[in-house]
Amino acid sequence: MKVLVIGAGGREHALVWKLQQSPKVEKVFCAPGNGGIAQIAQCVDIKDTDVEGLLEFAVNEKIDLAIVGPEAPLVAGVVDKFREKGLRAFGPSQRAAEIEGSKALAKDIMEKYQIPTAKAATFTDVEKALNYVDELGVPCVVKADGLAAGKGVVVAEDVETAKKAVREMMEDKAFGSAGDKVVIEEFLRGEEVSILAFTDGKTVVPMVSSQDHKRAFDGDQGPNTGGMGAYSPAPIYTEQIEQIVMEQVLKPTIQGLAKEGRDYTGVIYAGLMITEEGPKVLEFNARFGDPETQPVLMRLETDLVEIIEAIEQEKLDEIEIKWSKEAAVCVVVASGGYPGSYEKGKLITGLDQVDENEAIVFHAGTKAVEGKIYTNGGRVLGITAKGDTVAEAVKSAYKAIDVIKFEKMQYRKDIAHRAID
Ligand code: AMP
Ligand code: GLY
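Reading guide: rules and limits
Residues numbered from 1 in each chain as written. Chains lettered and ligands numbered in written order. Predicted model: local features only at pLDDT ≥ 70, side-chain atom pairs only at ≥ 80, totals over all residues. Heavy atoms only, no water. Axes fitted to C-alpha atoms, helices over the stretch in contact; angles between N-to-C directions. Helix = DSSP H or I, 4+ residues; strand = E, 2+ residues; numbered from the N terminus. Parallel < 35°, antiparallel > 145°, perpendicular 65-115°, else oblique. Left-handed = near helix turned anticlockwise from the far one by under 90°. Contact = heavy atoms within 4.5 Å. Near = heavy atom within 4 Å. Polar contact = N/O pair within 3.5 Å; in protein donor to acceptor, adjacent residues only side chain to side chain. Areas by Shrake-Rupley, 256 points an atom, 1.4 Å probe, with all protein chains shown as cover. Nonpolar A, V, L, I, M, F, W, Y, C, P; charged D, E, K, R; others polar. Pairing = 2+ DSSP bridges. Salt bridge = Lys/Arg side-chain N within 4 Å of Asp/Glu carboxyl O. Buried < 20%, exposed > 50% of the residue type's maximum accessible area, 1.4 Å probe, protein only.

A. The arrangement of the packing of helix α7 (residues 126–136) against helix α8 (residues 159–170) in detail. Closest axis-to-axis distance for the α7/α8 pair is 10 Å, and the angle between their directions is 160 degrees. Taken together, the axes of α7 and α8 lie roughly antiparallel to each other. Two packed elements cross with a definite hand, and for α7 against α8 that hand is right-handed. Each of V126, A129, L130, V133 and D134 in α7 lies in contact with α8, whose residues at this interface are V159, A162, K163, V166, R167 and M170.

This is the structure:
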């Protein structure tokens, strides 16, 4: 079959890499893709949010299956549009993807179906929001309702910061209409875990656990980023917690969404805080996580197309999904200055010296020009390796990074420290 992957990041490179191993796949296209994806698939220059452009391409190329990476096209309804034209697309519908597209909706659903999460309230009125900050106290967390490319969440230690965030989102429109509503919630303490799960709307099958590193610098310091690295499994995610998450989070969420007329199929991602009172949901995403997907897919032994087809046929309960016992780690290499301003167009060297048996270099913000690879974004590469333990996987990933060079490259030296310490 001919497959189209939509997106341009490390997650999409990992998806393309995994799909290329499927005996069912003849050809993979990626829109728009990146410099690394171009080495193993055919990139097409269509933006991931250009739904009409993607549709036209898919019809003309007779694409058998489209797989959507990022949230923006899902929330824009790309899956619905493909299906209207009789094309197969993997991912939730627009209504189902709203679980990520609106934090207020996600909170409403969690409240209605008693899914454990932080205490919160939603506001469309600035004064009421500011009053709630006083009432709730600090630390608290202020979240823009809509999509804000991972930047719409402010963890505020003091009232001033919280109120400033409310004003910036609601009055100054820092995230456009995404800030028309804000969710203000109680601050939760604990360790974070990402649980990605496959679902056909009836059955939910969690993937292996993972944890990402959101802060830019070592020791979890500095600003939040899209993710500076991830590892799998997360040792804090015990079998007992897994069972609680299945019964109290994943199943009731999918069932609740169905009751709301938001039948969900595809991958659902629960961002969890493992608190002293048990796991609580921080957010839902309607897709694979980035960079969690890189280590998680590296551990997936089953053919991804087989899983997607089982989901399409509502037969997810009939297949066995196998995972490698090995651990996997992804270390993100970013452009100097990220997540603030950074330069692009730096030549990357040493990529051909990485032993493919040791580590796989998934590209994110890169561009190929005349056979050479240049930086083209904030997060540039995700060096991903397996090992018998997390510590061994970490060692292999950093060994590979040692040979890769570009001007002002920046990466964390402590990825997976919590799993190793
Ligand atoms: P979100 O996009 O909602 O996952 O928020 C981004 C990051 O903000 C999370 O990964 C957490 O590190 C942090 N965060 C969000 N909500 C809370 C909360 N209620 N308590 C503590 N930290 C939070
Ligand atoms: N790694 C966080 C996300 O994919 O949203």
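Now that the structure is up, let's keep going.
B. Looking closely at the site of ligand 1. Among the 14 residues in the neighbourhood of ligand 1, the closest are listed as E185, L188, E192, K214 and E283. Between ligand 1 and the protein, one listed contact pairs a nitrogen atom with a backbone N or O atom of E186 at 2.9 Å. Compared with its free state, where it exposes 470 Å², ligand 1 has 91% of that area covered by protein. When the residues that make up the shell around ligand 1 are grouped by side-chain class, the tally is seven nonpolar, no polar and seven charged.

C. Layout of the sheet that holds strand β1 (residues 2–7). Ordered in space as β3-β2-β1-β4-β5, the five strands form an open sheet in which the pairing is parallel. At either margin of the open sheet sits one strand with a lone partner, and together these are β3 (42–43) and β5 (89–90). Of the strand pairs in this sheet, strand β4 (residues 65–68) and β5 are connected by two bridges, and their pairing is parallel. Considered in β5, the bridge of I67 is made with F90. Seen against the sheet, helix α1 (residues 10–19) touches β1, β2 (27–32) and β4 and runs at an angle of roughly 165 degrees to β1.

D. Quick look at the pattern of salt bridges. In this structure the tally under the stated criterion is 29 salt bridges. Between R11 and E12 there is a salt bridge; the shortest N-O distance is 2.8 Å. Taking relative accessible area as the criterion, R11 reaches 6% and is therefore assigned buried. When its relative accessible area of 1% is taken as the criterion, E12 is described as buried. Residue E185 is joined to K107 by a salt bridge in which the shortest nitrogen-to-oxygen separation is 2.9 Å. Here the residue E185 occupies a position in strand β9 (residues 182–186), and K107 occupies one in helix α6 (residues 103–112), the gap between them amounting to 78 residues. Exposure class is identical for E185 and K107. Each is buried.

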